[in-house]
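A structural walkthrough
Residues per chain are reported as follows:
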Amino acid sequence: MVNTETRPKPRVVFFGSGPVAARSLELLTEHCDIEAVVTKPKPAHHRGTFPVLDLARRLKFPVQTVSSKTELDDLMASNPFKSDLGVLIDFGIIVSQAVIDYFPRGIVNSHFSILPEWRGADPITFAILSGQPTTGVSLMLLVAALDEGPLLAFGEYELPPNVTTPVLTEHLINLSDMLLRAELPNYLEGRRQGAPQTITGRQVSYSRKLTKEDGRVDWSKPAVQLEREVRAYIDWPKSRATLAGKDVIITEAHVTDKNGTPGEPITDGNELTVYCGKQALTLDHLKPAGKQEMTRADFIRGYLNK
């Protein structure tokens, strides 16, 4: 049995850019020696925080910024790092085979689904949209093809019925770190090899980047699907509709077993329900344009009972 307390920390180069990457990097520092951080540069017009850059500078890690696949290739051609391994989470830039091959042990990517399910840009949101009972995290050896590399490990997470994208993201970040903490030393010591993605028993599916238009509520859809969208889109692009002539964002809702003309709102006391293509959606919390989030009762009093 290996005494994990006496293991040296794996030395790695971290690749990541988004908020998920920043939190993951913060956790990774507890059990890895970060040689450097490679991330996107802060755009000139950007105001406010830029999580990975801000964290890396606060922790005094060497930082390299790249905006594209070509810039990343040029950076690696300058032979800047000594680590045997890269770790990539939420990077947002295509990585070439030349960059992967730069590291003697390649690059480990933590992907927030159980591959080959939900390959692509937004696996967390699509897990909620699909209504599936479980999702998870996969540690994959990066290859040039989209999320097709062999798996070092994976972990499963049971989706609570009312989970939102921010809550699920935080749980998966923690699961990812638990897997990285356990498996990076095993891999570097030769006790963990890559395995085909078929070992998970999941089917191949693909997520995509969302657009603002995805947030426009289509009342012809079943209420079950719209309720999932409210939870999945809570951060962005948000579930947007027009009620009583007022643009609103729906922030919480539940399915009601009623049927009628899709898009028609009905009120019953403090209940605000909109008919959908199948069943209806009762709106629990809303945010009218230019206003704070409010309960359905407050919305009815303010906008429907005038």
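Described in the following lines is the structure provided in the data block.

Rules behind the numbers
- Residues numbered from 1 in each chain as written.
- Predicted model: local features only at pLDDT ≥ 70, side-chain atom pairs only at ≥ 80, totals over all residues.
- Heavy atoms only, no water.
- Pairing = 2+ DSSP bridges.
- Helix = DSSP H or I, 4+ residues; strand = E, 2+ residues; numbered from the N terminus.
- Buried < 20%, exposed > 50% of the residue type's maximum accessible area, 1.4 Å probe, protein only.
- Right-handed = clockwise from strand over helix to strand, strands pointing away.
- Contact = heavy atoms within 4.5 Å.
- Salt bridge = Lys/Arg side-chain N within 4 Å of Asp/Glu carboxyl O.
- 1 Å grid on protein atoms, 1.4 Å probe; cavity = no way out; pocket = protein on both sides within 12 Å on 5 of 7 lines; lining within 4 Å.
- Points joined across faces, edges and corners; volume = space filled by probe spheres on them.
- Nonpolar A, V, L, I, M, F, W, Y, C, P; charged D, E, K, R; others polar.
- Axes fitted to C-alpha atoms, helices over the stretch in contact; angles between N-to-C directions.
- Parallel < 35°, antiparallel > 145°, perpendicular 65-115°, else oblique.
- Left-handed = near helix turned anticlockwise from the far one by under 90°.

Let us look at the pairing of strand S10 (residues 265-268). As defined by bridge partners, S10 adjoins strand S11 (residues 271-275) across four bridges and the pair is classed as antiparallel. Each residue of the ladder has a partner; that of Thr-267, found in S11, is Leu-272. Counted between consecutive antiparallel strands, the loop separating S10 from S11 contains two residues, among which Gly-269 sits at a positive phi close to 65°.

Below, the discussion takes up the pairing of strand S1 (residues 11-15). S1 sits mainly inside the fold: four of its five residues count as buried. For the handedness criterion, the β-α-β arrangement of S1, helix H1 (residues 19-28) and strand S2 (residues 33-39) is classed as right-handed.

Here Ser-24 is to be found in helix H1. Setting aside residues up to four positions removed in sequence, Ser-24 forms contacts with Ile-89 and Ile-173.

A few words now on the pattern of salt bridges. The tally for this structure, following the rule as stated, stands at 15 salt bridges. Here Asp-298 ties to Arg-301 by a salt bridge, and the two come within 2.2 Å at their closest N and O atoms. A residue pair is termed a helical-turn pair when its members lie 3 or 4 positions apart in one helix, as Asp-298 and Arg-301 do in helix H8 (residues 296-304) at three residues. Connected through shared salt-bridge partners, Arg-23, Glu-26 and Glu-170 make up one network.

This part takes up the layout of surface pockets. The gaps left among the atoms become clear once a water-sized probe is rolled over them. Roughly 1500 Å³ of internal volume is contained in the largest pocket. Contributing to the lining of the largest pocket are 42 residues, with Asp-90, Phe-91, Gly-92, Ala-121 and Asp-122 lying nearest its centre. Sorting the residues of the lining of the largest pocket by element identifies H1, strand S5 (107-111), helix H5 (123-130) and helix H6 (165-188) as the ones contributing at least two each. Residues belonging to the lining of the largest pocket are distributed by class as follows: 25 nonpolar, ten polar and seven charged.

Where H5 contacts H6, the two axes come as close as 10 Å, and the packing angle between them is 120°. As summarised for this structure, H5 and H6 are arranged oblique, according to the angle between their axes. Once H5 is placed against H6, the crossing between them reads as right-handed. Seen from H5, the contacting residues are Ile-124, Thr-125 and Ile-128; seen from H6, they are Thr-165, Leu-168, Thr-169 and Leu-172. Taken together, the residues of the contact of H5 with H6 sort by class into four nonpolar, three polar and no charged.

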